[in-house]
Structure formats: structure tokens, C-alpha cells
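So you can see what is in the structure, the chains are spelled out below.
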Amino acid sequence: MTDTVLVTGATGYIGAWIVQDLVKKGYHVRGLSRSQQKADVLKQLIPEVDMFIGNITDPDSVKPALEGVDGVFSVATAVNPASTDATAWKADMANEIATWFGAIAAQPTIKKVVMTGSESAMGWGDQDKPVYTEADWSDVDDPHQYDAYITLKAVEEKLAWDFAHDPSKNTNHFQLSVSLVSGIVGPALLPWSNHHSSPLSFLSGPSVPDFKFFASDVRDVAGQHIALYENPEAANKRVVLNNLVARVSTVAELVQQLPAAEQHIIFPNGIATVLNADVLMPVLNLSYGYAVVTKNLARHVGGNYQYETLYPQLYRYQYQDFIQSTLDGLHLAAKQLLTADSTMK
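Just so we're clear, the structure is a prediction, and the values are computed from it rather than from any experiment. Residue numbers here run from 1 along each chain, matching the order of that chain's written sequence. Owing to the predicted nature of the model, reporting of local features is limited to residues with pLDDT of at least 70; listing and counting of side-chain atom pairs is limited to 80 or more, with chain, interface and lining totals taken over all residues. Note: side-chain values were computed over all heavy atoms of the structure, leaving out hydrogens and water.

Draft legend 1. Broad picture of the sheet that holds strand E10 (residues 212-217). For two strands to be treated as a pair, DSSP must find at least two bridges joining them. The secondary structure listing takes helices from DSSP runs of H or I that are at least 4 residues long and strands from runs of E that are at least 2 residues long, numbered from the N terminus. One open sheet accounts for three strands, arranged E8-E10-E12; its pairing is mixed. Only two strands of the sheet have a single neighbouring strand rather than two, namely strand E8 (183-185) and strand E12 (244-247). Looking at each pair of strands side by side, their axes are set apart by 45 degrees on average, direction ignored. Relative to E10, E8 runs parallel, the two being bridged by three bridges. Each residue of the ladder has a partner; that of glycine 183, found in E10, is alanine 215. What counts as an axis is a line fitted to C-alpha atoms, over the stretch in contact for a helix, and the angles between N-to-C directions run from 0 to 180 degrees.

Draft legend 2. Representation of the pairing of E10 within the structure. Exposure is judged per residue with a 1.4 Å probe applied to protein chains only, and the accessible area is read against the type maximum: over 50% gives exposed, under 20% gives buried, and values in between give partly exposed. Judged by how many residues are buried, E10 sits mostly within the fold: six of six residues are covered. Burial of E10 is two-sided: the residues Lys212, Phe214 and Ser216 facing one way and the residues Phe213, Ala215 and Asp217 facing the other way are all buried. As paired strands, E10 and E12 are joined by four bridges and run antiparallel to one another. Looking across to E12, one finds that phenylalanine 214 is bridged to valine 245.

Draft legend 3. Just the nonpolar core, in detail. With 41 residues, the main nonpolar core has Leu66, Trp100, Phe101, Ile104, Phe174 and Leu176 as its most contacted residues. Looking at this core, the elements with two or more residues in it are helix H3 (59-66), helix H4 (86-105), strand E5 (112-118), helix H5 (148-164) and strand E7 (175-181). In this description, a nonpolar core means a group of buried Ala, Val, Leu, Ile, Met, Phe, Trp, Tyr and Cys residues linked to one another through side-chain atoms lying within 4.5 Å. Listed in part, the 37 residues of the second largest apolar core include Ala10, Ala16, Ile46 and Val75.

Draft legend 4. The arrangement of the packing of aromatic side chains in detail. Pairing of aromatic rings covers Phe, Tyr and Trp, the last counted by its six-membered ring, and requires centre-to-centre distances within 6.5 Å; plane angles under 30 degrees mean stacked, over 60 mean edge-to-face, and any other angle means tilted. A full pass over the atoms with the stated rule returns nine aromatic pairs. Plain terms: the ring middles of phenylalanine 101 and phenylalanine 163 are 5.7 Å apart, the flat faces sit at 85 degrees to each other, and that makes the pair edge-to-face. Of this pair, phenylalanine 101 sits in helix H4 while phenylalanine 163 sits in helix H5, placing them 62 residues apart in sequence. Note on accessibility: phenylalanine 101 and phenylalanine 163 belong to one class, buried. Ring geometry for phenylalanine 213 against phenylalanine 322: centres 5.9 Å apart, planes inclined by 65 degrees, an arrangement best described as edge-to-face. One end of the pair, phenylalanine 213, is in strand E10; the other, phenylalanine 322, is in helix H12 (residues 322-339), and 109 residues separate them in sequence. Judged by its relative accessible area of 8%, phenylalanine 322 falls in the buried class.

Draft legend 5. Spotlight on the pattern of salt bridges. By salt bridge we mean one thing: a side-chain nitrogen of Lys or Arg within 4 Å of a carboxyl oxygen of Asp or Glu. Here the structure, examined in full by the defined rule, presents six salt bridges. Glutamate 157 is paired through a salt bridge with arginine 238; the nearest N and O atoms lie 2.6 Å apart. Of this pair, glutamate 157 sits in helix H5 while arginine 238 sits in strand E11 (residues 238-241), placing them 81 residues apart in sequence. Accessibility expressed as a relative area gives 1% for glutamate 157, which makes it buried. A salt bridge links aspartate 217 to arginine 219; its shortest N-O distance comes to 2.8 Å.

It is worth stressing that arrangement in space is one thing and function is another; only the former is reported here.
Written as C-alpha cells, this is what we have:
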């Protein structure tokens, strides 16, 4: 019997690929979107998906999508840490997980949840380790964090695990797996998702440090999510996803090789200036007093660390060429931006 599964954030960068790959594998797929307009576009692209409109912070709106499904790919996050008030958005995240996971737990048919997490939940904080694995957690109370998103993802995941392991809350005993996603490269199925790819977000300027970053092709991100759903060995595990390593300067060099028309349509305000890491390192290492440049960021600029998974057997990467994956994404982004409405909100 083929499983029926729900993908939240189905019209996003990762979610759309998960939907497409699940359909190809024969699953009965439901997609959840907050936008009817975006849902209609995805439905045109993948007619087999059944689209539902709802918000994961509103139990009544998601109940129809959840009823009768066997598993959930929880890709969307509703909380946006735009506020500088960390206490407020941490409270919002606690409410989101309690509400959303509560709605999942209320459905007795659901036995597996795969959640999209982030490597920022394991490798950040005021610590200087050469190697990070899934056994590590970022320090959510680190006063030197410079990006609320980093703390948010660690808080979100901890809340998710607390819920999943609490039988008084997880009343249907669903199993949780978390994909710890790093940077993402590769093509976006839907044009409004282009800006979520790492090369586009890094180089939107006006300037950016030449930091080291880890990444995977978005098609591997989708593939690993599905592998975590299908493999019983992945139950109750958080699994890091990154097989590509690069620096921002490498991406900038690739972008500058694109035809001028493609460069302009992707970066209408110009390509960011990449700041030399050798010049920045001494400054960053001394800049504890500044909110946006910290020892944490200095470590990433220097690049003296790496991630290793404890579970290499759970997924075999299909896309191993960073340059090709990046160019695949950039060329398609230019084509989509020239021919489609990519500004849809």
C-alpha cells in the first residue's frame, strides 16, 4: 500500500523538489501552501499533487490536509526572527511547535515526521571545535551570536525533539527525523524560490566576507528527506546534510563568467564585493563588541572547521560537483526571471 504524505512549504525551494520526487516514487502527495496563487502554479507543474491552503500555526486550517496521512515532511517555518526581541520570537517558536506538532499528534494515522532543520543548530556558538557532528548543538544562549536565524533553528529543533519524546504530547507516538541542511545550490523548480539558493543570497551585497560554507544540491536535499522517511534506521535521528564545500569568492567567480544579460537579471543591483578574509580575520577576532562581527563569524571566515556525519549509510549523494550544481541553478534562475513572475509573495 502506497503512503499518503503531506509536504508543508510545498511551493518553496526544498518543498517543491520533495513533492516532485515523491510523486515520481508513487506516493500519494499532498502539499500545503499559504498562497492559493503559488499552490495553483505548483499544481500546474505537478498535476498529481493535491494542494491544500493553510498555515501551520492555525490547527483548523491544516486539519483537512493532515487527515488520513501516513507521514509529514515538515519543511515550512512560520516564525521570522526579524525582530531584535529574541524573547518574543522564541515564544512564537514555542507556540508554533506546540500548535503544529499538536495538530500532527492529533491524527492517529501519522507515524513519521521528517523535519527540515539546519546545520546552524549544531555548529554555531562560542566554541572552537575542528569537527562537528550530529552529537553537537549550537549554544542558543551564546551572547556573541550575530544572526537570530542561527539561534532560531536550534531552538526550533530542541522544541521539536522535546515534543516528540514526550508521550503526554506525542500521543500517537510518531517518529521524528531531522535533516540538518547547510547551504543550498542547484535549480529552483519555481521562480520565486531562486533567492533561497546560497549563491544568490550571498552575493546580493553590497559586500560580503569571503567565508567558507558547506552546501548540497537542492535535489540531494529532497532526496535525503525522502531517504530519512523511508529508512527505519533514520528514526529519532538528526542527520547533517552537506557534501560540497566552497568559499564565497568561488561563487563570485562563477557568477562573473555568466553572460552579462544573466548577471544583470539575477543581480539587478550588482554583484556584492567579496571582502578578503586575510584582511578581515584580525579585525573579526577582536570584534566581540560588535553585533554583526563576532568570533563566531570569524571562525567561518577562517574556515578552520568541518562537519562530519555519524550516519553516512543513510544517504548517498547524487550531486558531487559544486560548480556544476551552482551553474545549473544560476542559468535556470536567469531563464525563469526573464520569462516568469518571480516576485509572487
